[in-house]
Each structure stands twice: as structure tokens, then as C-alpha cells.
Amino acid sequence: MFGTLIHWGIDAALLSAFLAGVRRTTGLTPKLSDVPNKDVRQVLRSYLEFGEYLFDFAVVFFGVRCCNARPVSLFTYSCPQRSSSFERRS
């Protein structure tokens with residue numbers, strides 16, 4: 001029972017972070033003003049803000065890792081600690 005609650009909590013957190021990513025990339029957000037109950041609306045707002053926090057944390061955490069090099073262009077990768085770029089051969 002306790003493991004199931006932890007699993008649901010992690011799933012809820014991942015869904016919230018996913019919704020934050022959708023909001024950041026597309027600008028789509030749920031219309032919370034249509035929720036009639038003020039308390040439910042506040043819970044949903046807090047849930048979505050928690051997803052924003054998780055998304056920001058993931059961006060910072062994975063952004064400082066050298067092994068996760070960000071693509072500069074479609075075929076060029078660079079690492080902040082290295083001075084040269086690597087090109088992918090096709």
C-alpha cells in the first residue's frame with residue numbers, strides 16, 4: 001500500500017513536470033478560472049507550480065553535466081569544459 005502511494009506521487013510529479021514543459025514550449029495552459037471551487041483551483045495552481053519547480057530543477061541539473069552536451073546545431077556538439085567541437089559524421 002505504501003509503495004503504491006509513493007508510485008502515484010512520483011507519477012503525479014512527473015505529470016506536473018511534463019505539463020510545465022508543455023507550457024514552456026507551446027504556451028498552452030489550463031484555464032483554472034473555469035474551476036468553480038476556489039480551494040480546488042488553489043490546489044491545482046500549487047500542483048502546476050510544483051511542476052514548474054521540478055522542470056526548472058531538471059534544466060539546471062542536466063544543464064551543468066558535461067556528459068549531456070547540448071547541440072549547438074544539427075551536426076555540431078560542444079562541451080563547456082572542452083575547447084573543441086565534435087562533428088557527427090553521416
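From a predicted model like this one, the values you see are computed outputs, not experimental measurements. (Residues numbered from 1 in each chain as written. Predicted model: local features only at pLDDT ≥ 70, side-chain atom pairs only at ≥ 80, totals over all residues. Heavy atoms only, no water.)

**Some details on helix α1 (residues 2-26)**
Cut-off, in case you're wondering: Helix and strand labels come from DSSP, where a helix needs a run of H or I of at least four residues and a strand needs a run of E of at least two; each type is numbered from the N terminus. The span one expects for a helix is its residue count, reduced by one, times 1.5 Å. Only protein chains enter the accessibility calculation, which uses a 1.4 Å probe; a residue whose area is less than 20% of its type maximum is buried, one above 50% is exposed, and one in between is partly exposed. Only heavy atoms enter the contact rule, under which two residues are in contact if any of them lie within 4.5 Å.
Relative to the 36 Å expected for 25 residues at 1.5 Å per residue, α1 spans 36 Å between its end C-alpha atoms, a close match to the ideal helical length. All of the buried residues in α1 are Ala13, Ser16, Ala17, Ala20 and Gly21. Here the buried face of α1 lies against α2 (38-63). Backbone geometry just after α1 places Gly27 at a positive phi near 85 degrees.

**Things to note about the side chain of Glu52**
Examined against the element boundaries, Glu52 turns out to sit in helix α2. Contacts of Glu52, omitting those with residues within four sequence positions, involve Ala20, Arg23 and Arg24.

**Examining the packing of aromatic side chains**
Two aromatic rings, taken as a pair, are described by how far apart their centres are and by the angle between their planes. Selection rule: Pairing of aromatic rings covers Phe, Tyr and Trp, the last through its six-membered ring, and needs centres within 6.5 Å; plane angles under 30 degrees mean stacked, over 60 mean edge-to-face, and all others mean tilted.
Under the criterion given, the structure shown has one aromatic pair. Considering the side-chain rings of Phe57 and Phe61, the 6.0 Å spacing of their centres and the 15 degrees angle between planes classify their relative orientation as stacked. Taken together, the positions of Phe57 and Phe61, both in helix α2 and four residues apart, correspond to about one turn of that helix.

**Quick notes on the layout of surface pockets**
The line we're drawing: A cavity here means a set of 1 Å grid points, computed over protein atoms only, where a 1.4 Å probe fits but cannot escape. A pocket is an open set with protein on both sides within 12 Å along at least 5 of 7 lines, and lining residues have an atom within 4 Å of a point. Grid points are joined across faces, edges and corners, and a volume is the space filled by probe spheres set on the points. Classes in brief: Ala, Val, Leu, Ile, Met, Phe, Trp, Tyr, Cys and Pro nonpolar; Asp, Glu, Lys and Arg charged; the others, Gly included, polar.
The calculated volume of the largest pocket comes to roughly 220 Å³. The wall of the largest pocket is formed by 13 residues, among which Arg23, Thr29, Pro30, Leu48 and Glu52 lie closest to the centre. Counting only elements with at least two residues in the lining of the largest pocket, the list comes to α1 and α2. Here the residues of the lining of the largest pocket are counted per class, giving seven nonpolar, two polar and four charged.

**A few points about the confidence of the model for the protein**
The line we're drawing: Per-residue confidence from the predictor is reported as pLDDT, a score between 0 and 100.
Confidence along the protein averages 79 in pLDDT terms, with 70% of residues attaining 70 or more. Mean pLDDT across the elements of the protein ranges from a minimum in strand β2 (residues 85-87), with 46, to a maximum in α1, with 92. Below pLDDT 50 for its whole length, residues 82-87 participates in eight contacts with residues either more than four positions away or in separate chains.

**A few points about the packing of α1 against α2**
Formally: An axis is simply a line fitted to the C-alpha atoms; with a helix, the fit covers only the stretch in contact. Between two such axes, the angle follows the N-to-C directions and lies from 0 to 180 degrees. Here is the rule for angles: anything less than 35 degrees is roughly parallel, anything more than 145 is roughly antiparallel, 65 through 115 is roughly perpendicular, and the remaining ranges are oblique.
Following both chains from N to C, one finds α1 and α2 inclined at 80 degrees, their axes separated by 7 Å at the closest point. The orientation of α1 relative to α2 falls into the category roughly perpendicular. From α1, Ala12, Ala13, Leu15, Ser16, Ala17, Leu19, Ala20, Gly21, Arg23 and Arg24 reach across to α2, where they touch Tyr47, Leu48, Phe50, Gly51, Glu52, Leu54, Phe55 and Asp56.

**Notes on the pattern of salt bridges**
Put simply, the rule reads: By salt bridge we mean one thing: a side-chain nitrogen of Lys or Arg within 4 Å of a carboxyl oxygen of Asp or Glu.
Under the criterion given, the structure shown has three salt bridges. Shared partners join several salt bridges into a network, and the residues in it are Arg23, Arg24, Glu52 and Asp56.

**Concerning the environment of Thr26**
Put simply, the test is: In protein, a polar contact requires one atom able to donate a hydrogen and another able to accept it; more generally it is a pair of N or O atoms within 3.5 Å, and residues adjacent in sequence count only if both atoms are side-chain atoms.
Within the secondary structure, Thr26 is located in helix α1. A distance of 3.3 Å separates a polar side-chain atom of Thr26 from the backbone nitrogen of Leu28.

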